Amino acid sequence: MSADGAGLLLPVGTRLLHIGPQKTGTTAVQGAFHTNRAALAEHGVHYAGKTRQPRPAAAAVVLGTALPGFPADSVDRWPALVEEVRTSSADRVVISAEMFANAGEAAARTVVEAFGANRTRVVITLRPLAKIMPSQWQQFIQSGAHMSYAEFLDAMLDQPRDTSEHTQAFWHRHRHDELIERWAGVVGPDNVTVIAIDDRERRMLLDTFELLLGLPQGLLAYDTKSNSSLSLTETEVFREFNRQFFLDKQWPEEVHAAAARYGMATYLKNEPTLACEEPIATPAWALRRADEIAVEMTTAIRRSGVHVIGALQDLRHLPDDAPDDVAAIDEVPVEVAARAVMGVVWHTTMARTPRSRRPGAMGAEAPAAKSSKPATGPTTDELTSAQLVGVVAGRARRRITRST
Amino acid sequence: MDLLLPVGTRLLHIGPPKTATTTLQSAFHNNREALNSHRVHYAGKARQPMTAALAAADGSTVPGRSAGNWPRLLQEIEDADADRVMISSEFFSHADDEHARAVVEALGADRTHVVITLRPLVKIIPSQWQQYVRDRMRSAYPEWLDLMFNHADETTITPKFWRRHRHDLLVRRWAEAVGKQNLTVIVLDESQPERLLNIVEEMLGLPLGLLVSKPDANNRSMTLPEVEMMREFNEQFFANEWTSEDYTRFIRFGSTRRFMERVPAADEPKITTPQWAVDRCIELSRQMVTSIATSGVRILGDLEWLTVAPRASAVGDPEERPVVLTAELAARHSIDVIGAAKVLSTQEGNFPAQLAAVKQQLAAVKQQLTETKRKLADARKQLRAVQERLQETKQQLGDSEQLRSEQSIHHHTARDLMGVVSGRVRARLVPGRRSRG
């Protein structure tokens, strides 16, 4: 692969399937595609779906269910997406949702076959594991978890992978060598492109997508929204909120999805960060452990035979000014607390609980087949002479009736 | 001193706010039946007739609530089958001279007695400020104190404050309206909270101890971190251009009510009043006490109680550094917004309790299901045993059936059958032959 990007252009007809994983700049990329649809169309590129990303459709095929807070019939968006991609007359179609990275091998195969096994190019974006850790923790908190960062790091780095739902989900997405192998096993290594993101070059990701899709340089532009992480202060308020929500009140998941994940999180992210807020800092021991894993992963990726854009060594990140311990937040500024309330008010006063549809009527059970019994009659021994005479007389009568 | 008021009296308690009004009102509201049996009627349906009182006192309304119906309340008082009627709302204290007169005339000038409860201004002030913050106000405490003490004529913020709390003017205004012989000032003694209830019991001819006050979480003051968070929230709320109606519905009478059920830690900082404002309060209180003492109204308790200095812990400048919260407090109000919002509220509005009830039902059903499944399994086992026996029996039956069917009448012609009959006849005719063929 040459440095100027020549030879990156994907063949006409390609379905570029960007599967994330989470926390690798996906929101920014998706925003760049979503907000530049008209310009993309002029250059033969179709961005699948109507929104920033087709998350409910991806969840339908990967999880087999509707996302919390979405109506039950949102699972119909998967066949609709497949149909949209199938019938697109564009030269190249882009599908991007980090939910796809959650797929097991079977679901990955279903996805690839739906888009066309012979024309799907899987794109995986990667950032250093050490940078993903804090980002993923606060994302788990936004989704309702209430573990501290210290607990999270211990669970992810010092416990077996099957310790909890969270450790399983985390490593399914972020054991990047295995993620790549899983998808390469489905489409073949030659149809997988890995982009190792260089955080120092802001446009690197967009430039790469432009080259892959044959777009003029600079056509893709970031929009204003980014899935920026919450600060440590905000995450700690959120975490305490989750604790009260799920442990004290035992309120339902779908209310959390609406009021907190969309309401509070969105509101907090849209407000400017205060000077007193601190970022989530990862302690030195965790950075070292993450770096060991990063080395294992990059070694495996190098051997995997997939296309690699960018430098795999950029996936190592070991700053020397890391703290010894995770910082504790004892005090929260009133502004952050008030913002959290605002976010909830903002959403709950507008919130509508989705009406879930009644499940369709079950097919009626087939009626049980009636057993056929052989006709038996009494034996001559069991009847009196008078009865025998009666039987004969009856037969005679029926015979007469039939013949008339 | 005999405090008992004549039969037919309407006892009008006008507060002002922050003088144990909630305690008194809930004691009446929660004991309506016992009051009735002693021929005392407590006017209104709720703890206090807030909107009707506002309508009567200054014609104002509460945002998001329909205007109060003062004539309807008057009609209810008129129709009451009782010896004495109690009417209590601190919002009557909003009345100017003219409205005070009109209220007294509407109730009946010859049978109305007015009660005013008083506490030291220096204690009322922080409590009143946090109450204003709970009702949308955004001003910081020092800023608000400065406005009230130094710029009251120029500001539009909390315009009724001095109408409520120039207690000398309040007493003289209502004494003018009702006659000084028909006005009682009760100076509250915080070491004896029961005293207020006992005085009112005596005035209305109720047995001592009949009025019982229920503790109400909403009656406490917010702590400093609580009120500062609320104030910041108000700032952000109105920066979003939302309405006072929304605020009243969702926050003031929604989430804030739930939030006040929180139990603050003992060491959570309280609101403190700067020394200069304390000095002004005491100076003003002395002036007010002198004026009230010479007004000619009946005074129960010692007016000097109104001029005592506050505890040292209640005095001090607000902290220089910004107020910070514990995470528990920071997250708590967000929870209460959800608790108060439509997303959870059903008719009873108590989601956790309902959830617990449903869970309990579910557990019971599950247990029944397990039991039923076990019975079903037993029954199936029995059924299988019966079926096996049936199979065996059928087998045996099948063999005999074969035989039977060969002998069945269906297999005989009419001639055969008649042969059998004639054989039987022959057998009967020829003794010794016993065959039944």
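The rules we used
Residues numbered from 1 in each chain as written. Chains lettered and ligands numbered in written order. Predicted model: local features only at pLDDT ≥ 70, side-chain atom pairs only at ≥ 80, totals over all residues. Heavy atoms only, no water. Helix = DSSP H or I, 4+ residues; strand = E, 2+ residues; numbered from the N terminus. Buried < 20%, exposed > 50% of the residue type's maximum accessible area, 1.4 Å probe, protein only. Contact = heavy atoms within 4.5 Å. Areas by Shrake-Rupley, 256 points an atom, 1.4 Å probe, with all protein chains shown as cover. Rg over C-alpha atoms; globule rule 2.2 N^0.38 Å. Lys, Arg positive; Asp, Glu negative; His and termini not counted. Charge placed at Lys NZ, Arg CZ, Asp CG, Glu CD. Salt bridge = Lys/Arg side-chain N within 4 Å of Asp/Glu carboxyl O. Expected span 1.5 Å × (residues − 1). pLDDT = per-residue confidence, 0-100. Pairing = 2+ DSSP bridges. Axes fitted to C-alpha atoms, helices over the stretch in contact; angles between N-to-C directions.

Draft legend 1. Looking closely at the overall build of chain A. The secondary structure content of chain A amounts to 15 helices and seven strands. Split into buried and exposed, the 404 residues of chain A put 50% on the buried side. At a minimum sequence separation of 6, the contacts of chain A that also span at least 24 residues come to 77%. Carbon and sulfur atoms provide 51% of the accessible area of chain A, an area that totals close to 19,200 Å².

Draft legend 2. Layout of the overall build of chain B. The helix and strand tally for chain B stands at 16 helices and seven strands. Computed over its C-alpha atoms, the radius of gyration of chain B comes to 41 Å, more than 25% above the 22 Å expected for a compact globule of 437 residues. Taken across its 437 residues, chain B has 46% of its residues classed as buried. Across chain B, contacts joining residues at least 24 apart in sequence account for 78% of those joining residues at least 6 apart. Surface summary for chain B: the accessible area is close to 22,900 Å², and the carbon and sulfur share equals 52%. Of note, chain B has its 58 positive side-chain charges centred 15 Å away from the centre of its 55 negative side-chain charges.

Draft legend 3. Inspection of the pattern of salt bridges at higher detail. Residue and element names in this part refer to chain B. All chains considered together, the criterion is met by 40 salt bridges over all chains. For Arg136, the salt bridge is made with Asp135, and the minimal N-O distance between the two is 3.2 Å. With its nearest N and O atoms 2.9 Å apart, the salt bridge here joins Arg262 to Glu328. One end of the pair, Arg262, is in the loop between helix 12 (244-259) and helix 13 (275-293); the other, Glu328, is in helix 14 (residues 327-340), and 66 residues separate them in sequence. Arg262 gets classed as buried once you look at its relative accessible area, which sits at 4%. One network of salt bridges, with partners in common, ties together Arg220, Glu226, Arg262, Glu268 and Glu328.

Draft legend 4. Quick peek at helix 13 (residues 284-303) of chain A. All names here are of chain A. The end-to-end C-alpha separation of helix 13 is 29 Å, in line with the 28 Å expected for 20 residues at 1.5 Å each. Listing the buried residues of helix 13 in full gives Ala284, Ala286, Leu287, Ala290, Asp291, Ile293, Ala294, Met297, Thr298 and Ile301. Buried residues along helix 13 sit against strand 4 (120-126), helix 6 (129-142), helix 7 (149-158), helix 8 (165-174), helix 9 (176-187) and strand 6 (307-309). Positive phi shows up at Gly305, right after helix 13, with a value of about 85°.

Draft legend 5. Summary view of the confidence of the model for chain B. Residues and elements named next belong to chain B. Summary statistics for chain B give a mean pLDDT of 90 and a share of 92% for residues scoring 70 or more. Across residues 345-350 the pLDDT falls below 50, and counting only partners more than four positions away or on other chains, this stretch makes three contacts in the model. Quick note on the complex model: pTM equals 0.74, ipTM equals 0.70.

Draft legend 6. Spotlight on the sheet that holds strand 6 (residues 298-300) of chain B. Residue and element names in this part refer to chain B. Spatial strand order, 2-3-1-4-5-6: six strands in an open sheet with parallel pairing. Whereas interior strands pair on both sides, the edge strands pair on one side only; in this sheet they are strand 2 (40-42) and strand 6. Across the sheet, the axes of successive neighbouring strands diverge by a mean angle of 20°, strand direction being ignored. Examined bridge by bridge, strand 4 (residues 112-118) and strand 5 (residues 183-187) share five bridges and lie parallel to one another. In the sheet register, Thr117 faces strand 5, and the bridge partner there is Ile186. Where helix 5 (residues 97-107) meets the sheet, its contacts fall on strand 1 (10-13), strand 3 (84-88) and strand 4, and the angle it forms with strand 1 comes to roughly 155°.

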